[in-house]
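# What the coordinates show
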Amino acid sequence: MNKDLTQGNPQKVLWAFCLPMFGSIVFQQLYNIADSLVAGKFIGENALAAVGNSYNITLIFIAFAFGCNIGCSVIVSQLFGAKDYCTMKTSIYTTLIASGILCIFLMIIGLLSCNSLLRFMKTQPEIMEASALYLIIYIWGLPFLLFYNIATGIFSALGDSKTPFIFLAFSSTANILVDILFVKVFSMGIAGVAWATFICQGISCICSLVLILKRLSKIEAKGHIAIFSWQLLKKLSVIAIPSILQQSFISIGNIIIQGCINDFGVSVAAGYSAAVKLNNLVITSFTTIGNGISNFAAQNLGAKKYTRIKAGAYAGLKLVWCLCVPFCIIYIAFGKYLLLLFMDRNSIEALTTGQQFLWILSPFYLVISAKLVADGVLRGTSAMRQFMIATFTDLILRVILAFILSNITHSSTGIWAAWPIGWSIATVLSIFFYTKQYKKLIS
């Protein structure tokens, strides 16, 4: 069901739109959590470290999928809000064609460079083979990752956040079951974990694309609908490329930080692998709500209803803060028990590492969530330069401080402390840019 986000009470409309998106990303994260959980519990600590090690590289590919999602979603939202359905359809077809070409390029680069990237991260010899195997299977599934994210962006742009939720609920649940089947019953090891994700994400992708094309056929558009437009590709790229660069550089930063973490041994790497999955569940949830705010802001920008953009930002802030508090309490009070889902009690160093990571980061979820809401408005209103400045400030600070503080403390605790500092400074910047952008719109 397509939904116009330019009508109705902003808070009710935004919450009704974003809550299914939150549910979707929880299930999306279950893909990665399930891989680590099954690897750690049924294969061993080395397998858990291998999945976590490879995950930092997969985030680069996810960055491209995220950028294509955002670029398409923002432009389609603006055109949908302006009721320009002919151009809207052309923008969707243009995204699909351009993304297909990009996907081929990414797969070639990924297959040729995966071993070099693993060595760059100082991957320990005992997990090198498993990390490479997981990564190669993941790269073969890139078309599913990319086109599923584009389909999700289109659904969101049309005001439909429930359909992606339904797809993800079924596919991620199936992924957990197939993970266990391949590892426990068929004894496929870490390859089974990777193939389970490949299969389940593939089915979800194909179903989503079929439904999108069916949905588009029902939207009446007057005039000629071009299959491809260089002009629209340029507009899409203006939004997509900064988002890709943002996520890519964050991923590269994480790879650099992973190299620093690997210096402390496999147990610390395994503890970080488990804890960062729990952390990413929260951060990605807030980012997804930020994407929903981008759609809300973009539709209202297209409809020239600027005051609703500010109302949507406040409603989004209330929503993420309502989610922050329980996450923070759960991770501080019960983090140990969540980490035990990935490992056994004998992994003392890994367990301690994971707990320290969660204790240091979770109190600052209130801070980073405010940044991601402001970023959502900046993206939705095409203020990409400001968005990039705030993002790179966070990344650069975290990478530099991770090395400085780990050398000062001579422990991995110094690395974890870099996150809150980077988050806090970047949040101040994002809120400042959001305020200036809103004043510019209403002036």
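The text that follows walks through the structure, step by step, so that each part is easy to find.

Definitions and limits used
Residues numbered from 1 in each chain as written. Predicted model: local features only at pLDDT ≥ 70, side-chain atom pairs only at ≥ 80, totals over all residues. Heavy atoms only, no water. Helix = DSSP H or I, 4+ residues; strand = E, 2+ residues; numbered from the N terminus. Buried < 20%, exposed > 50% of the residue type's maximum accessible area, 1.4 Å probe, protein only. Contact = heavy atoms within 4.5 Å. 1 Å grid on protein atoms, 1.4 Å probe; cavity = no way out; pocket = protein on both sides within 12 Å on 5 of 7 lines; lining within 4 Å. Points joined across faces, edges and corners; volume = space filled by probe spheres on them. Nonpolar A, V, L, I, M, F, W, Y, C, P; charged D, E, K, R; others polar. Phe/Tyr/Trp six-rings, centres within 6.5 Å; stacked < 30°, edge-to-face > 60°. Expected span 1.5 Å × (residues − 1). Patch = residues over 30% accessible without salt bridge, like charges linked within 9 Å, V, L, I, M, F, W, Y side chains within 5 Å. Areas by Shrake-Rupley, 256 points an atom, 1.4 Å probe, with all protein chains shown as cover. Salt bridge = Lys/Arg side-chain N within 4 Å of Asp/Glu carboxyl O.

## Brief notes about the environment of Ile225
Looking at where Ile225 falls in the secondary structure, it is placed in the loop between α7 (190–217) and α8 (230–262). Taking the relative accessible area as the measure of exposure, Ile225 reaches 25% and is therefore partly exposed. Sequence separation between Ile225 and Cys86 is 139 residues; the distance between their C-alpha atoms is 5.6 Å. With near-sequence residues (within four places) excluded, Ile225 lies in contact with Cys86, Lys89, Thr90 and Tyr93.

## Observations concerning the layout of surface pockets
Put simply, the largest pocket is a space of about 270 Å³. Cys68, Ala98, Leu102, Leu233 and Ser237 are, among the 16 residues lining the largest pocket, the residues nearest its centre. Sorting the residues of the lining of the largest pocket by element identifies α2 (45–81), α3 (85–120) and α8 as the ones contributing at least two each. It is α8 that contributes the most residues to the lining of the largest pocket, seven residues altogether. A per-class count over the lining of the largest pocket returns twelve nonpolar, four polar and no charged.

## Considering empty space enclosed by the protein
It is the rolling of a water-molecule-sized probe over the atoms that shows where space remains empty. Summed over the entire model, instances satisfying the criterion amount to two cavities of 30 Å³ or more. Approximately 90 Å³ is the volume found for the second largest cavity. In terms of lining, the second largest cavity is formed by Tyr134, Ile137, Tyr138, Gly141, Phe144, Leu145, Ala194, Thr197, Phe198 and Gln201. For the lining of the second largest cavity, the secondary structure elements donating two or more residues are α4 (125–140), α5 (142–157) and α7. When residues of the lining of the second largest cavity are assigned to their parent elements, the largest contribution, four residues, is made by α7. Each residue belonging to the lining of the second largest cavity can be placed in one class, and the counts come to seven nonpolar, three polar and no charged.

## A word on the packing of aromatic side chains
Following the criterion strictly, the structure yields 15 aromatic pairs and no others. Arranged with centres 6.0 Å apart and planes meeting at 35°, the rings of Phe182 and Phe186 form a pair that is tilted. For Phe182, a relative accessible area of 12% gives the class buried. According to the relative accessible area criterion, Phe186 is partly exposed, its value standing at 47%. Taking the centre distance of 6.5 Å and the plane angle of 50° together, the rings of Tyr272 and Trp419 count as tilted.

## Some points on helix α11 (residues 348–361)
Across its 14 residues, α11 extends 20 Å between first and last C-alpha, which sits within 8% of the 20 Å expected from 1.5 Å per residue. Of all the residues in α11, the buried ones are Ala350, Leu351, Thr353, Gly354, Gln355, Phe357, Leu358 and Leu361.

## What to know about a nonpolar patch on the surface
Together, Leu181, Val185, Phe186, Met188, Trp195, Ile199 and Ile203 make up an exposed nonpolar region whose accessible area comes to about 620 Å². When residues of the nonpolar patch are traced back to their parent elements, those giving at least two are α6 (162–185) and α7. Among the elements that take part in the nonpolar patch, α7 stands out by supplying three residues, more than any other. Assignment of secondary structure puts Val185 in helix α6.

Everything listed here is a matter of geometry and, on its own, says nothing about what the molecule does.
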